[in-house]
Amino acid sequence: DEAALNDARNRLAEHRTHVTAIAGDVTDASVRRRWIDAERELGGLHVLVNNASELGGMGPLMTFDVQRFGRVFPVNAGAPIALIQLAVPLLAARRGLIVNITSDAALGAYAGWGPYGASKAALELLTRTLAVELIDQGVSAVLVDPGDMRTRMHQEAFPGEDISDRPLPDVTAPFWRWLLDQDREAVRAQRFIAQQQDAPWHQPAHR
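Remember, it's a predicted structure, so these values are computed and weren't measured experimentally.

**Student:** Whenever I open this one, the overall build of the protein confuses me. Can you help?
**Tutor:** Counting its regular elements, the protein contains seven helices and five strands. Each helix and strand of the protein, placed in order from N terminus to C terminus, yields the pattern α-α-β-α-β-α-β-α-α-α-β-β. The C-alpha atoms of the protein give 17 Å as radius of gyration, which agrees with the globular expectation for 207 residues (17 Å, within 12%). In terms of principal-axis extent, the alpha carbons of the protein reach across some 50 × 40 × 40 Å. Counting every position in the protein, which comprises 207 residues, the buried fraction comes to 37%. For the protein, restricting intrachain contacts to residue pairs at least 6 apart in sequence, the fraction spanning at least 24 positions comes to 64%. Split by element, the accessible area of the protein, about 11700 Å² in all, is 53% carbon and sulfur. The centroid of the 21 positive side-chain charges in the protein is displaced by 4 Å from the centroid of its 26 negative side-chain charges.

As structure tokens, then:
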């Protein structure tokens, strides 16, 4: 949503922060290159957050159009890895952090959420693997489950329902302040729950 992105840029610019806003589809290789080129022009990269996600349609697996896997997995698992491949040289220069946004649907068998949950489960394993593979480059990777929030995507998961009881994304602000202040090595490969109001936010790994 280019309009929403530009609105966020303008609000951030009010704090005398230089912000470059580039709208595009995360599965488009040319867009990914533009993002990384912009980071390079800004002077480097400390944190990369992969937040783009595709629901893929809600409903039982028995009626799921399997061709939609060709959209769900590229957005939720493939594109983040492709972007990380481009970003790692910049992140390594700053001993940076990769944050991949996940969901509790990656851990539980929720009826109707199968394709989305499967793609997020794939992202979780990929993230833990990256965390091991990037040790020598000084780049850390973590998973963050933001929880149910009052967002457009969550409304799409519950069409026609009132989701006003869900909190706004602002509820996660204490967590983000905490995470970005942590030593990168101390948080490597961990999974966090962002909606808790106080630490510890870390969720023990499932094996």
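There is more to say after this.
**Student:** Please explain the nonpolar core as it appears in this structure.
**Tutor:** A general trend in soluble globular proteins is that nonpolar side chains are found buried together. Ranked by internal contacts, the top residues of the largest apolar core, which has 16 residues, are Leu45, Leu48, Ile84, Ala87, Leu91, Ile98 and Leu134. Secondary-structure elements contributing two or more residues to this core are helix H3 (69–93) and helix H4 (114–133). By residue number, the principal contributor to this core is H3, which donates seven residues. By size, the runner-up hydrophobic cluster in this structure holds ten residues, among which are Ile101, Val144, Leu179 and Phe192.

**Student:** Could you clarify how one ought to interpret the packing of H3 against H4 in this entry?
**Tutor:** Helix-helix packing: each pair is described by the crossing angle between the helix axes and the interaxial distance. Between H3 and H4, whose axes approach to 9 Å, the crossing angle comes to 20°. Comparing the axis directions of H3 and H4 gives the class roughly parallel. As H3 runs across H4, the sense of the crossing is right-handed. Contact with H3, carried on its side by Phe69, Val72, Phe73, Asn76, Ala77, Pro80, Ile81 and Ile84, involves Pro115, Tyr116, Ala118, Ser119, Ala122, Leu123, Leu126 and Leu130 of H4 and no other residues of that element. Considering only residue class, the contact of H3 with H4 consists of 14 nonpolar, two polar and no charged.

About the cut-offs
- Sequence order as written defines the numbering, with residues in each chain counted from 1.
- Given that this is a predicted model, residues contribute local features only at a pLDDT of at least 70 and side-chain atom pairs are listed and counted only at 80 or more, while totals for whole chains, interfaces and linings are drawn from all residues.
- Heavy atoms throughout the structure, all of them, feed into the side-chain values; hydrogens and water do not.
- Secondary structure is summarised from DSSP: a helix means a run of H or I of at least four residues, a strand means a run of E of at least two, and numbering begins at the N terminus for each.
- Using C-alpha atoms as the atom set, the radius of gyration is obtained and then compared with a globule rule of 2.2 Å times the number of residues to the power 0.38.
- Here the term buried applies to any residue with accessible area under 20% of the maximum for its type, exposed to any over 50%, and partly exposed to those in between, with areas from a 1.4 Å probe on protein chains only.
- Note on contacts: a residue pair is in contact if any heavy atoms of the two residues lie within 4.5 Å.
- Only the protein chains shown count as cover for residues, with accessible areas throughout obtained via the Shrake-Rupley method and a probe of 1.4 Å.
- Only four residue types enter the charge count: Lys and Arg as positive, Asp and Glu as negative, with His and the chain ends excluded.
- To locate a charge, the coordinates of NZ of Lys, CZ of Arg, CG of Asp or CD of Glu are taken.
- Among buried residues, the Ala, Val, Leu, Ile, Met, Phe, Trp, Tyr and Cys ones that are joined through side-chain atoms within 4.5 Å form a nonpolar core.
- For helices, the fitted line uses only the C-alpha atoms of the stretch in contact; every axis is such a line through C-alpha atoms, and the angle between N-to-C directions lies from 0 to 180 degrees.
- Orientation categories follow fixed angle ranges, with anything under 35 degrees roughly parallel, anything over 145 roughly antiparallel, 65 to 115 roughly perpendicular, and all other angles oblique.
- Note: crossing handedness is left-handed where the near helix turns anticlockwise from the far helix by less than a right angle, and right-handed where it turns clockwise.
- Residues are grouped as follows: Ala, Val, Leu, Ile, Met, Phe, Trp, Tyr, Cys and Pro are nonpolar; Asp, Glu, Lys and Arg are charged; every other residue, Gly included, is polar.

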